[in-house]
Amino acid sequence: MSKAEEESTASPLKAFRELIASGPPEPPAWDGILAALEKEALLEHALSTLRLEGAGPAWEPFRGRLKAAVARSRERRMSRWQADPERRTLRIRFSVAGPACALHPPALLAQLAK
């Protein structure tokens, strides 16, 4: 990722962090903030940032809208994962021989995972 791409990705999140420090936004500004975060696919990151920053009860209405947007984003992503052109299938064939034959199946899988 180039430096320009990093800055463009970081800018909505950086603006969101500054917004958290300054206080909760007014309701008319919520749509613009959520749209910018959604455009950059940063909704979930923004929600975790809001949790980590310990935003108070004044943020509850915005937090509710953000949680709803995150849920919609996850649902959309889960419904489209099979059509992802970057999706790949990996098939592995193996045989068990030697001392590994004595291992119980979960132990064998644990060894293969290492």
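Above: the structure in question.
Residues numbered from 1 in each chain as written. Predicted model: local features only at pLDDT ≥ 70, side-chain atom pairs only at ≥ 80, totals over all residues. Heavy atoms only, no water.

1. Remarks on the packing of aromatic side chains
Heads up, the condition is: Aromatic rings from Phe, Tyr and Trp, with only the six-membered ring used for Trp, were paired whenever their centres fell within 6.5 Å, and each pair was classed as stacked if the ring planes differed by under 30 degrees, edge-to-face if by over 60, and tilted otherwise. Secondary structure follows DSSP: runs of H or I at least 4 residues long count as helices, runs of E at least 2 residues long count as strands, and numbering of each begins at the N terminus. Note on exposure labels: buried denotes an accessible area under 20% of the residue type's maximum, exposed denotes more than 50%, and partly exposed covers the range between, all computed with a 1.4 Å probe on protein chains only.
For the structure on display, the rule yields three aromatic pairs. Look at Trp30 and Phe62: their rings are 5.9 Å apart centre to centre, the planes differ by 70 degrees, and that puts the pair in the edge-to-face class. Taken together, the positions of Trp30 in helix H2 (residues 27-39) and Phe62 in helix H4 (residues 60-80) put the pair 32 residues apart, joining distant regions of the chain. Of the two residues, Trp30 and Phe62, both sit in the buried class.

2. Thoughts on the pattern of salt bridges
Inclusion rule: Any carboxyl oxygen of Asp or Glu that lies within 4 Å of a side-chain nitrogen of Lys or Arg is treated as forming a salt bridge with it.
If you walk through the whole model with that rule in mind, you get five salt bridges. We note a salt bridge from Asp31 to Arg65, for which the minimum N-O separation is 2.4 Å. Note that Asp31 is positioned in helix H2 and Arg65 in helix H4, a separation of 34 residues in sequence. Relative accessible area serves as the criterion here: at 34%, Arg65 is assigned to the partly exposed category. In this structure, Arg77 engages Glu44 in a salt bridge whose closest nitrogen and oxygen atoms are separated by 2.8 Å. On the criterion of sequence distance, the pair formed by Arg77 in helix H4 and Glu44 in helix H3 (residues 43-52) is long-range, its members being 33 residues apart.

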